[in-house]
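Survey of secondary and tertiary structure
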Amino acid sequence: MCNTMFKKYSWCNTDAGLLVLRLGVGAIFIYSGYMKATDMTMTLSGFATMGFNAFWAYLVTVVELLGGMAVLLGVYTRLAAVPLTITMIVATYVLRSNMAMIFSPLMLFFASLALVLAGSGKYSVAQKMCNCESCDNCT
């Protein structure tokens, strides 16, 4: 019954689902990267308390900002989602002892991994630039 109900609507499809996933994941990473970039002193001290040096703080900030923008727009989504996925693997590992804090990076890991596997879908800037129906080079 549910499938027939959703099949009535042309906007209920995999590409619309990927668009919603991309917009949410991209916005979260952009916000997270922006918060790190605007208070780099706090970011550096936070990373230092976890045992990471300044290089990793700057790298994660850039990955979250640029990767989030690429995912949000759907430009090289698979390529951009790989470092985001790796970042969330490390965040999950670092927070593994705190069950209250582990769920956000774990959820973002699975969402980023889904984008690595599925790509951006047809509702993306890359598809508009490429003007193709399904191009692995664009997603």
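Residues numbered from 1 in each chain as written. Predicted model: local features only at pLDDT ≥ 70, side-chain atom pairs only at ≥ 80, totals over all residues. Heavy atoms only, no water.

Let's shift gears to the packing of helix H2 (residues 14-38) against helix H4 (residues 54-73). The N-to-C vectors of H2 and H4 enclose an angle of 155°; their axes lie 7 Å apart at closest approach. With respect to each other, H2 and H4 are oriented roughly antiparallel. Crossing handedness for the pair H2 and H4: left-handed. Residues Arg-22, Leu-23, Val-25, Gly-26, Ala-27, Phe-29, Ile-30, Ser-32, Gly-33, Tyr-34, Lys-36 and Ala-37 of H2 touch H4, and the partners they reach there are Val-60, Thr-61, Glu-64, Leu-65, Gly-68, Met-69, Val-71, Leu-72 and Leu-73. (Axes fitted to C-alpha atoms, helices over the stretch in contact; angles between N-to-C directions. Helix = DSSP H or I, 4+ residues; strand = E, 2+ residues; numbered from the N terminus. Parallel < 35°, antiparallel > 145°, perpendicular 65-115°, else oblique. Left-handed = near helix turned anticlockwise from the far one by under 90°. Contact = heavy atoms within 4.5 Å.)

Turning to unusual backbone geometry, a few remarks are in order. A positive phi angle, near 50°, is found at Tyr-76, a position not held by glycine. As for its placement among the helices and strands, Tyr-76 is situated in the loop between H4 and helix H5 (77-94).

This structure, assessed with the given rule, holds three aromatic pairs. Where Phe-55 meets Trp-56, the ring centres are 4.9 Å apart and the plane angle is 75°; that geometry is what we call edge-to-face. (Phe/Tyr/Trp six-rings, centres within 6.5 Å; stacked < 30°, edge-to-face > 60°.)

We now examine H2. Counted at 1.5 Å a residue, the expected span for H2 with its 25 residues is 36 Å, and the 36 Å between its end C-alpha atoms agrees. Within the sequence span of H2, burial applies to Ala-16, Leu-18, Arg-22, Val-25, Gly-26, Phe-29, Gly-33 and Lys-36. For H2, the secondary structure elements touched by its buried residues are helix H3 (40-49), H4, H5 and helix H6 (103-118). The opening residue of H2, the one whose side-chain oxygen lies 3.0 Å from the backbone nitrogen of Asp-15, is Asn-13. (Expected span 1.5 Å × (residues − 1). Buried < 20%, exposed > 50% of the residue type's maximum accessible area, 1.4 Å probe, protein only. Polar contact = N/O pair within 3.5 Å; in protein donor to acceptor, adjacent residues only side chain to side chain.)

This brings us to the confidence of the model for the protein chain. The predicted coordinates of low-pLDDT regions are not to be read in fine detail. Across the protein chain, the average pLDDT comes to 90, with 85% of residues at 70 or higher. Predicted confidence in the protein chain is weakest over helix H1 (residues 2-7), with a mean pLDDT of 64, and strongest over H4, with 98. (pLDDT = per-residue confidence, 0-100.)

This brings us to the packing of H2 against H3. Axes are the key here: two packed helices are described by the angle between their axes and the distance separating the axes. Between H2 and H3, the shortest axis-to-axis distance is 5 Å and the interhelical angle comes to 100°. Our classification of the angle between H2 and H3 gives roughly perpendicular. Two secondary-structure elements touch here, H2 through Met-35, Lys-36, Ala-37 and Thr-38 and H3 through Met-40, Thr-43 and Phe-47. Its residues placed into classes, the contact of H2 with H3 shows four nonpolar, two polar and one charged. (Nonpolar A, V, L, I, M, F, W, Y, C, P; charged D, E, K, R; others polar.)

With 14 residues, the main nonpolar core has Val-25, Phe-29, Val-71, Leu-84, Met-88 and Leu-115 as its most contacted residues. Elements supplying a minimum of two residues to this core: H2, H4, H5 and H6. The residues touching Met-88, leaving out its near neighbours within four places in the chain, are Phe-29, Glu-64, Pro-105, Leu-108 and Phe-109. (Core = buried A, V, L, I, M, F, W, Y, C linked by side-chain atoms within 4.5 Å.)

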